[in-house]
Amino acid sequence: MEAAFTQLISQFGYIGVWFLIFFENVFPPIPSELILPLSGFFTTTTDLTLPGVIIAATIGSITGAYILYGVGRILSRERLMTFFGTRPMRLLGFKPDDISSAVDWFDRKGQVTVLICRCIPVVRSLISIPAGTAKMNVIRFSLYTLLGSAVWNTVLCSLGAAAGSAWETVTEQAEWVSDVVKYVIIAIVVIVVIWWVVKRILPAIHEQRAEK
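To start, this report covers the structure provided alongside it.

Cut-offs used in this document
- Residues numbered from 1 in each chain as written.
- Predicted model: local features only at pLDDT ≥ 70, side-chain atom pairs only at ≥ 80, totals over all residues.
- Heavy atoms only, no water.
- Helix = DSSP H or I, 4+ residues; strand = E, 2+ residues; numbered from the N terminus.
- Buried < 20%, exposed > 50% of the residue type's maximum accessible area, 1.4 Å probe, protein only.
- Core = buried A, V, L, I, M, F, W, Y, C linked by side-chain atoms within 4.5 Å.
- Contact = heavy atoms within 4.5 Å.
- Phe/Tyr/Trp six-rings, centres within 6.5 Å; stacked < 30°, edge-to-face > 60°.
- Expected span 1.5 Å × (residues − 1).
- Polar contact = N/O pair within 3.5 Å; in protein donor to acceptor, adjacent residues only side chain to side chain.

**Focus: the environment of Leu-126**
Inference 1: Mapped onto the elements of the fold, Leu-126 is located in helix α9 (residues 123-126).
Inference 2: Looking at Leu-126, the relative accessible area reads 42%, which means it is partly exposed.
Inference 3: A sequence separation of 101 residues divides Leu-126 from Asn-25, and the C-alpha atoms of the two residues are 8.1 Å apart.

**What to know about the nonpolar core**
Inference 1: Formed by 22 residues in total, the largest nonpolar core has its most connected members in Phe-5, Ile-9, Val-17, Ile-35, Leu-36 and Leu-38.
Inference 2: Among the secondary structure elements, those contributing two or more residues to this core are α1 (2-12), α2 (14-26), α3 (32-42), α4 (50-74), α11 (138-163) and α12 (167-211).
Inference 3: With 6 residues, α3 is the single largest residue contributor to this core.
Inference 4: Those residues in contact with Val-17, other than ones at most four positions away along the chain, are Ile-9, Ser-39, Val-53, Ala-56 and Ala-57.

**Let's talk about the packing of aromatic side chains**
Inference 1: Considering all chains together, one arrives at 7 aromatic pairs under this definition.
Inference 2: Relative to Phe-23, the ring of Phe-19 lies with its centre 5.7 Å away and its plane at 15 degrees, an arrangement referred to as stacked. Placement of both Phe-19 and Phe-23 in helix α2 is noted, with a separation of 4 residues, approximately one turn of the helix.
Inference 3: Exposure remark for Phe-23: the relative accessible area of 33% places this residue in the partly exposed category.
Inference 4: Taken together, a centroid distance of 4.8 Å and an interplanar angle of 50 degrees make the contact between Phe-23 and Phe-27 tilted.
Inference 5: Given the relative accessible area of 43%, Phe-27 is considered partly exposed.

**Observations regarding α4**
Inference 1: Over its 25 residues, α4 extends 37 Å from the first C-alpha to the last, a length consistent with the 36 Å expected when each residue adds 1.5 Å.
Inference 2: Sitting at the head of α4, Thr-49 places a side-chain oxygen 3.1 Å from the backbone nitrogen of Gly-52.

What follows is the structure, given as structure tokens:
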């Protein structure tokens, strides 16, 4: 993967940086923790400049975020409520009102998470989907995405440039942070699943049996 990224940036410069970050935003498993320090390193060995690389990466972040925002718009509140109102979803403890409440909360208090999450590994791309589902104002979404992405890109690109040929150490540290975040998310998911089974699924099954 590193060789492919190196070749792409070497051949296409800023456009290569834009494309890689755009692709990383649409497909989050692709690591920006590798792309950005590598891009910063290239500013020490090529004609690429640090501001130019940061701008290219930030444009890539914004354009990629629009794709997932559009996915969220397609997964509208109404469609999700209809889906989670089906019998299989009700057996899993879901209720249409859950979706409505979650979207309403995001609309009232959660929009700032777009700004915050853009600086957090793993979730930095996926936050665009609930923003789209809640039909967050496009201008505000763009502004929050711009600011959060600019901070993330500036830090990693600058560290890569400062590290020079040792840029991989920056990637290793960033990936370590990313791994910690992943473990925290996994732990939270496990706790939520256990709570959901006890509080939602089991009561829903008993309710279905009582109706028969």
